[in-house]
Amino acid sequence: MSTIQFASGIAVVNILLLGLLTTVWVRNYRKFRTSLLLGLVAFGSVMLAENVVAIYFFFSMKMLYSGDPTVQQAVLVLRGLQFVAVAFLTWVTMK
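What you see is a predicted model, and the numbers here were worked out from it, not measured in a lab.

Caption draft 1: Spatial organisation of the UniProt feature "transmembrane region" (unreviewed entry) in the protein. The UniProt record annotates "transmembrane region" (unreviewed entry) at residues 6-26, 38-59 and 71-92. A helix fraction of 100% and a strand fraction of 0% characterise residues 38-59, whose end C-alpha atoms lie 32 Å from each other. As annotated, residues 71-92 has a helix share of 100% and a strand share of 0%, and its two end C-alpha atoms lie 32 Å apart.

Caption draft 2: Highlighting the pattern of salt bridges. In total, this model carries one salt bridge according to the counting rule given. When the shortest N-O distance is used, the salt bridge between glutamate 50 and arginine 79 registers 2.8 Å. Of this pair, glutamate 50 sits in helix H2 (residues 35-60) while arginine 79 sits in helix H4 (residues 69-94), and the two are 29 residues apart along the sequence.

Caption draft 3: Highlighting the packing of aromatic side chains. Inspection of every chain in the model, using the stated rule, returns two aromatic pairs. With centroids separated by 5.4 Å and ring planes inclined at 70 degrees, the aromatic side chains of tyrosine 56 and phenylalanine 57 adopt a geometry described as edge-to-face. Classification of tyrosine 56 as exposed rests on a relative accessible area of 54%. Phenylalanine 57 gets classed as partly exposed once you look at its relative accessible area, which sits at 31%. Ring geometry for phenylalanine 88 and tryptophan 91: centres 5.9 Å apart, planes at 40 degrees, overall tilted. In this pair, phenylalanine 88 and tryptophan 91 are both assigned in helix H4, three residues apart and thus about one turn of the helix distant. When its relative accessible area of 54% is taken as the criterion, phenylalanine 88 is described as exposed.

Caption draft 4: Spotlight on unusual backbone geometry. A positive phi is found at arginine 33, a non-glycine position, where the angle reads about 55 degrees. Relative to the helices and strands, arginine 33 is located in the loop between helix H1 (3-32) and H2. For arginine 33, a relative accessible area of 55% gives the class exposed.

Rules used throughout
- Think of each chain on its own: its residues are numbered from 1, step by step along the sequence as written.
- In keeping with the predicted nature of the model, local features appear solely for residues at pLDDT of at least 70, side-chain atom pairs appear and are counted solely at 80 or more, and the whole-chain, interface and lining totals rest on all residues.
- Computation of side-chain values: all heavy atoms of the structure, hydrogens and water removed.
- UniProt positions are given in the numbering used here, feature names are shortened, and annotations may be inferred rather than shown by experiment.
- The helix count covers DSSP runs of H or I at least four residues long, the strand count covers runs of E at least two residues long, and both are numbered beginning at the N terminus.
- One side-chain nitrogen of Lys or Arg within 4 Å of one carboxyl oxygen of Asp or Glu is enough to make a salt bridge.
- Two aromatic rings from Phe, Tyr or Trp, using only the six-membered ring of Trp, form a pair when their centres are within 6.5 Å; if the ring planes differ by under 30 degrees the pair is stacked, by over 60 it is edge-to-face, and anything between is tilted.
- Accessible area is worked out with a 1.4 Å probe on protein chains only. A residue is then buried under 20% of its type maximum, exposed over 50%, and partly exposed in between.

Put into structure tokens, the structure is as follows:
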């Protein structure tokens, strides 16, 4: 598996986690109507959209990423860091 394929796999996992988080936050916002929860819904929605766009670019414009191994590694590291942050946020939210 190439570096960029691994990075796109992490983006798919991020999409699943962000979908779960955003669903929980929307449900909580409907119940409590606080601005903090509205901010979390906005955050989750934007991050979800960013990951969907990243997947689109991974598959539609692969040549932009595949030409330079340094770019592939940077994308993998950034997706990995985002996964760690989203996984922690998911763990805290579900607890």
